[in-house]
Amino acid sequence: MIKLVAQIIFYGLVCILAAYSVLMVYVLLRYGQSKTLTLVLSGLYALVMVTLFSAAVANFVRISFPEFEL
Amino acid sequence: MTSIFPGQQPNEKIYELTRQHWIIFAKQIAVWLIFVAILLGYDGWAVREFDFLRTPPAERIATAIKSLYLMYLVAGLFTVWILYYLNYQIITNNRIVDVDQKSLLFHAATEIHLAQIEDVTAEVKGFVGNLFNYGTVYVQTAGAKTMFEFDNVPDPKRIAKLILDLYERVPVAEKAAAREGK
C-alpha cells in the first residue's frame, strides 16, 4: 500500500514535469525567433532530464517499502 | 529578407531588438540558486549532522528525491530563460513592437506606428540601475494603449533617442493623420 502511494506520487510528479516540459518546448517553438536555438536547447534539456530521471528511477526501485495488510 | 518577428513587412528595417538587461536575468538566477543551495545544504550539513542519513536505505531515498528535485530545478531554470528570451521589444522604421511573455501561457504582442507617438521618456533609477545603465523607456501614444513601457532595458536614453530620431523621419502628413484618427 505504501509502495503504491509512493509510486503514484513519484511517477505522478514525473508526469506533471513531462507535460510542463512539452509545454515549454511548444511555447519556445511557437514564439521563439530561432528554431535552431530552440531545438538545440530543447535537446540539451531533454538529455539532462532523461539522465536525472534515470538516476531517480534507479534509486526509487531499490527502495524497500514496509508491507502493511489492510 | 528573413523576418525576425511575425508580421514584419518586406521593406521594414529593424533598428533595435532589445531585451531586459542581463542583470535582471542574473537576479532571477540568483533566486534560483537559493533553491540549489538547499541541495548543497543537505549534502554539506544534514548528512554530516544526522547519522541515520548515511545508512543505505536513507541514501537511496535521498538520492531519488534529490534527482526529482533537480529535475524540477532544471525545469525552473529553463522557464526563467524562456521568459527572459521571449520578452523583447523591436523598433523598426515603421513601428514599435512590444512582445510580452508574462507566463508560459500568456503571450501578448502590442505594436504602435511611429506616427502615433506623442512623448518618449527614458528613466534610470536606483544605484544598480545607474551602475549598469539600465532603466525604463516610456512611450506615450495616441493609440488604444496610451503608454508603452520598455522595462529594464539597457541604455534607455539611447533607445529613447532612437525612437525620437525615427519619429522625426515620419512624414508630417502621416503624423497629422494619426492625430486626427485619435
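Before reading further, recall that the structure is shown in the block above.
Cut-offs used in this document
- Residues numbered from 1 in each chain as written.
- Chains lettered and ligands numbered in written order.
- Predicted model: local features only at pLDDT ≥ 70, side-chain atom pairs only at ≥ 80, totals over all residues.
- Heavy atoms only, no water.
- Salt bridge = Lys/Arg side-chain N within 4 Å of Asp/Glu carboxyl O.
- Helix = DSSP H or I, 4+ residues; strand = E, 2+ residues; numbered from the N terminus.
- Buried < 20%, exposed > 50% of the residue type's maximum accessible area, 1.4 Å probe, protein only.
- Pairing = 2+ DSSP bridges.
- Axes fitted to C-alpha atoms, helices over the stretch in contact; angles between N-to-C directions.
- Parallel < 35°, antiparallel > 145°, perpendicular 65-115°, else oblique.
- Contact = heavy atoms within 4.5 Å.
- Nonpolar A, V, L, I, M, F, W, Y, C, P; charged D, E, K, R; others polar.
- Buried area = accessible area lost by both parts, 1.4 Å probe.

Caption draft 1: How the structure looks around the pattern of salt bridges. Residue and element names in this part refer to chain B. Following the criterion strictly, the structure yields eight salt bridges over all chains and no others. Among the salt bridges present, the one from Arg95 reaches Glu111, with a minimum N-O distance of 2.7 Å. With Arg95 in strand E3 (residues 95-103) and Glu111 in strand E4 (residues 106-113), the pair connects residues that are 16 residues apart, well separated along the chain. Using a relative accessible area of 8% as the deciding quantity, one classes Arg95 as buried. Across the salt bridge formed by Arg158 and Asp155, the nearest N and O atoms sit 3.6 Å from each other. Residue class for Arg158 comes out partly exposed when judged on its relative accessible area of 39%. A single network of salt bridges, built from pairs that share partners, joins Glu12, Arg95 and Glu111.

Caption draft 2: Local environment of the sheet that holds E4 of chain B. Residues and elements named next belong to chain B. Spatially, E1-E2-E3-E4 is the arrangement adopted by the four strands of the open sheet, whose pairing is antiparallel. The open sheet has two edge strands with one neighbour each: strand E1 (14-18) and E4. Neighbour to neighbour, the strand axes of the sheet diverge by 10° on average, direction disregarded. In terms of strand pairing, E3 meets E4 through eight bridges, oriented antiparallel. Residue pairing in the sheet places Asp100 in a bridge with Ala108 of E4.

Caption draft 3: Examining the packing of helix H1 (residues 2-31) of chain A against helix H2 (residues 35-61) of chain A more closely. Residues and elements named next belong to chain A. The geometry of H1 relative to H2 is characterised by a closest axis approach of 10 Å and an angle of 175° between their N-to-C directions. Classed by the angle they form, the pair H1 and H2 counts as roughly antiparallel. Where H1 approaches H2, its residues Ala6, Gln7, Phe10, Tyr11, Val14, Leu17, Ser21, Met24, Val25, Leu28 and Leu29 are matched on the opposing element by Lys35, Thr38, Leu39, Ser42, Tyr45, Met49, Phe53, Ala56, Val57, Phe60 and Val61. For the contact of H1 with H2, the class distribution of residues is 17 nonpolar, four polar and one charged.

Caption draft 4: Quick peek at the environment of Gln7 of chain A. Residues and elements named next belong to chain A. Tracing the sequence through the fold places Gln7 in helix H1. As a C-alpha pair, Gln7 and Leu47 span 40 residues in sequence and 23 Å in three-dimensional space. For Gln7, the residues in contact, after removing those within four places along its chain, are Gly12 and Phe60.

Caption draft 5: Structural detail: the sheet that holds strand E5 (residues 117-123) of chain B. Residues and elements named next belong to chain B. The three strands lie next to each other as E5-E6-E7, forming an open sheet whose pairing is antiparallel. Strands with a single pairing partner mark the edges of an open sheet, and in this sheet they are E5 and strand E7 (147-154). Geometrically, the sheet is characterised by an average inter-axis angle of 15° between neighbouring strands, direction not taken into account. On top of the sheet, helix H4 (residues 156-168) reaches E5, strand E6 (134-141) and E7; it is set at about 165° to E5, its chief contact.

Caption draft 6: Fine view of the interface of chain B and chain A. The interface is formed by 25 residues belonging to chain B together with 28 residues belonging to chain A. Buried area between chain B and chain A, summed over both chains or domains, comes out near 2600 Å², and the portion from carbon and sulfur atoms is 77%. Its largest share of buried area at the contact with chain A, chain B owes to Arg60, Met71 and Phe78 of chain B, together 25% of the area lost on that side. Counting across the chain B and chain A interface gives zero salt bridges.

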